[in-house]
Amino acid sequence: MKIFEALRKDHDVQRDLMDTLLNTSGKSEQRVLAFSQLKDALERHALAEERYFYAPLMKSDKMVEPSRHAISEHHEIDEMIEKLEATDMSSSAWLTHMKSLQHLVLHHLDDEEQQFFQMAGKVLNETQKDKLATSYRQEMREQQSA
């Protein structure tokens, strides 16, 4: 498995969790659980992605600025999660914030999958793509069991 497939697999999980959340209402058990799972998935993914995808890519001059931009989007996502946590789940504001989070995350994932991955594919060789996927997946497993 290459790093791109490993990342896409997690992106799909994030998309599914956001869809689930937007189809819940009030402070239901389903909403509470799905939000907890989404928050955890986004946090683990961002950490592992920054360590085992962006950091190695920043060794290439042409990937520094795109990597910094992507990392800044991770921070925007973190801020929106904090806003959601500070908002009553049964209020209409929570759903508005959730839609904003979905917009941020989908924009980030689309940028990665449609542009960033192609640029990174030209910088990384096949061995690096394999090794980064292995390291990324290992980090995700370690975080999940921690």
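Residues numbered from 1 in each chain as written. Predicted model: local features only at pLDDT ≥ 70, side-chain atom pairs only at ≥ 80, totals over all residues. Heavy atoms only, no water.

Observations regarding the nonpolar core
Membership of the largest hydrophobic core comes to 19 residues, with the highest contact counts inside it found for Ile3, Phe4, Phe53, Leu57, Ala120, Leu124 and Tyr136. Elements represented by at least two residues in this core include exactly helix H1 (3–22), helix H2 (29–57), helix H3 (61–85), helix H4 (92–123) and helix H5 (126–145). Setting aside anything within four residues of it in sequence, one finds Leu57 in contact with Met63, Ser67, Phe116, Ala120, Val123 and Leu124. With 18 residues, the next largest nonpolar core counts Leu17, Met98, Leu101 and Leu109 among its residues. (Core = buried A, V, L, I, M, F, W, Y, C linked by side-chain atoms within 4.5 Å. Buried < 20%, exposed > 50% of the residue type's maximum accessible area, 1.4 Å probe, protein only. Helix = DSSP H or I, 4+ residues; strand = E, 2+ residues; numbered from the N terminus. Contact = heavy atoms within 4.5 Å.)

A few points about the packing of H2 against H3
Two elements in contact, H2 and H3, have axes whose closest approach is 11 Å; the angle formed by their N-to-C orientations is 165°. Put simply, H2 runs roughly antiparallel to H3. Here H2 and H3 pass one another in a crossing that is left-handed. Here Phe35, Lys39, Leu42, Ala46, Glu49, Glu50, Tyr54 and Leu57 of H2 come into contact with H3, specifically with Met63, Ser67, Ala70, Ile71, His74, Ile77, Ile81, Leu84 and Glu85. Tallied by class, residues from the contact of H2 with H3 come to 11 nonpolar, two polar and four charged. (Axes fitted to C-alpha atoms, helices over the stretch in contact; angles between N-to-C directions. Parallel < 35°, antiparallel > 145°, perpendicular 65-115°, else oblique. Left-handed = near helix turned anticlockwise from the far one by under 90°. Nonpolar A, V, L, I, M, F, W, Y, C, P; charged D, E, K, R; others polar.)

What to know about the packing of aromatic side chains
The full count for this structure, using the stated rule, is seven aromatic pairs. A ring pair is formed by Phe35 and Trp94, whose centres lie 5.7 Å apart and whose planes are at 75°; its orientation type is edge-to-face. Residue Phe35 is located in helix H2, and its partner Trp94 is located in helix H4; the two are separated by 59 residues in the primary sequence. What makes Phe35 buried here is its relative accessible area of 7%. (Phe/Tyr/Trp six-rings, centres within 6.5 Å; stacked < 30°, edge-to-face > 60°.)

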